[in-house]
Each structure stands twice: as structure tokens, then as C-alpha cells.
Amino acid sequence: MIPRYTRPAMEAIWNERHEWQTMLDVEIAACEANAQLGRIPKEAVEVIKEKADFDVDRIHEIDAEINHDIIAFLSAVGEKVGDEAKYIHMGLTSTDVRDTAFCLQISRASDVILEDLEKLAAVLKRRAVEFKHTPTIGRTHG
């Protein structure tokens, strides 16, 4: 988003850092589900949750070498997590992660819009009542 064309609430949802963080949240949720199903050790999930982080510049650096953004992201996270990173992304495709994260961002942005629409409706209602007896010029089609 171009900063001058957005509000802070929307920029916080759509900036690149938050996009990657949302994908990391999806990856961690998948790890938790895999642990509940007995596919990965629960201890590994705790390590992943504790250490999982990334540097956006590092993602770009890796991506420039390998030309695959999700693998670059996973590699950058793996550098922070260590050996337990082998469980991250298990059973997922890049599209699973990206699309799910995108849906979460859309949902969060929709919440911002809905909150603003509720505020607008309240203002319109107040102003309609305030000016209900204000004379106006009538217009017709002709």
C-alpha cells in the first residue's frame, strides 16, 4: 500500500511484514494441528512457537538466489528456529499457506471496513434526525 493512500489500520494489515507474519501464523497453526494428530512432536511445536521469526530483508535476499518466495520465507524462519524447522510446512503447499493468510488479511480488513460503516451509519442517522425538518428544494425529472 502506498502510505498516503491508506489509513494506519489498513496499512498495518497489508504491509509486507504483516503478510509474512500472517503466513507464519498459518504455519504455526498447521504445526499445532499436526502435533494434535500425532504427526510431529508437541515439544517441537513449543520450540517453533518460541523461536519462529524472520527478517523481511533476509527473505528477499534468499528469494533473489532461489526465485521462490515461500521457500525463501521458510528458509529465513528456519534459520531462527533451528532443527525443529523441519516440521514447519509439513503437508502444506505454498498455496495453502498464502491463500489462507490472504483470507485472514481480507477478514481483518473487512472488520475495519465494517466498523467504519457502523460509525458512518450512526452519523447519518444522527444527522437525518437533526435535519428532518430542514426545508429543501424539491426536484423532478423534468
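Now for a description of the structure that goes with this document. (Residues numbered from 1 in each chain as written. Predicted model: local features only at pLDDT ≥ 70, side-chain atom pairs only at ≥ 80, totals over all residues. Heavy atoms only, no water.)

Now for the pattern of salt bridges. Side-chain pairs of opposite charge can arise where the charged atoms are in close proximity. All told, the structure shown has 12 salt bridges when counted by the stated rule. The salt bridge partner of Arg126 is Glu130, with a shortest N-O separation of 3.9 Å. Separated by 4 residues within a single helix, Arg126 and Glu130 lie in helix 6 (residues 94–130), roughly one turn from each other. Classification of Glu130 by relative accessible area gives partly exposed; the value is 45%. (Salt bridge = Lys/Arg side-chain N within 4 Å of Asp/Glu carboxyl O. Helix = DSSP H or I, 4+ residues; strand = E, 2+ residues; numbered from the N terminus. Buried < 20%, exposed > 50% of the residue type's maximum accessible area, 1.4 Å probe, protein only.)

Orientation of helix 2 (residues 16–36) relative to helix 3 (residues 42–51), taken along the N-to-C sense of each, is 165 degrees, at an axis distance of 9 Å. On the basis of the axis angle, helix 2 is roughly antiparallel to helix 3. The handedness of the crossing between helix 2 and helix 3 comes out as left-handed. Every residue of helix 3 that contacts helix 2 at Ile28, Cys31, Glu32 and Ala35 is listed here: Lys42, Val45, Ile48 and Lys49. Taken together, the residues that form the contact of helix 2 with helix 3 break down as 5 nonpolar, no polar and 3 charged. (Axes fitted to C-alpha atoms, helices over the stretch in contact; angles between N-to-C directions. Parallel < 35°, antiparallel > 145°, perpendicular 65-115°, else oblique. Left-handed = near helix turned anticlockwise from the far one by under 90°. Contact = heavy atoms within 4.5 Å. Nonpolar A, V, L, I, M, F, W, Y, C, P; charged D, E, K, R; others polar.)

Another point: helix 3. Along helix 3, the residues classified as buried are Ala44, Val45 and Ile48. Projected down its long axis, helix 3 carries its buried residues within an arc of 100 degrees, all on one side. Exposed residues lying more than 90 degrees from the buried face of helix 3 are Lys42, Glu43 and Glu50. Summarising the contacts, the buried residues of helix 3 are in contact with helix 2 and helix 5 (69–81). (Arc of directions from axis to C-beta.)

Before going further, it helps to examine the state of the cysteines. Here a disulfide denotes one covalent bond, and it connects the sulfur atoms of two cysteines. Summed over all chains, the structure comprises 0 disulfides. Cysteine Cys31 remains unbridged, with the sulfur of Cys103 as its closest cysteine sulfur at 20 Å. For Cys31, a relative accessible area of 1% gives the class buried. (Disulfide = S-S within 2.5 Å.)

This paragraph deals with the packing of aromatic side chains. Taken as a whole, this structure holds 3 aromatic pairs when the rule is applied. Consider the rings of Trp14 and Phe102, whose centres lie 5.8 Å apart with planes at 65 degrees: the pair is edge-to-face. Residue Trp14 is found in helix 1 (residues 8–14), and its partner Phe102 is found in helix 6; the two are separated by 88 residues along the sequence. For Trp14, a relative accessible area of 24% corresponds to the partly exposed category. Aromatic pair Phe54 and Phe73: ring centres 5.9 Å apart, planes at 70 degrees, arrangement edge-to-face. Residue Phe54 is found in the loop between helix 3 and helix 4 (56–66), and its partner Phe73 is found in helix 5; the two are separated by 19 residues along the sequence. Among the aromatic residues, those joined into a cluster by ring pairs are Trp20, Phe54 and Phe73. In this structure, Arg17 packs its charged tip against the face of Phe54, placed 3.9 Å from the ring centre. (Phe/Tyr/Trp six-rings, centres within 6.5 Å; stacked < 30°, edge-to-face > 60°. Lys NZ or Arg CZ within 6 Å of the ring centre and 35° of its normal.)

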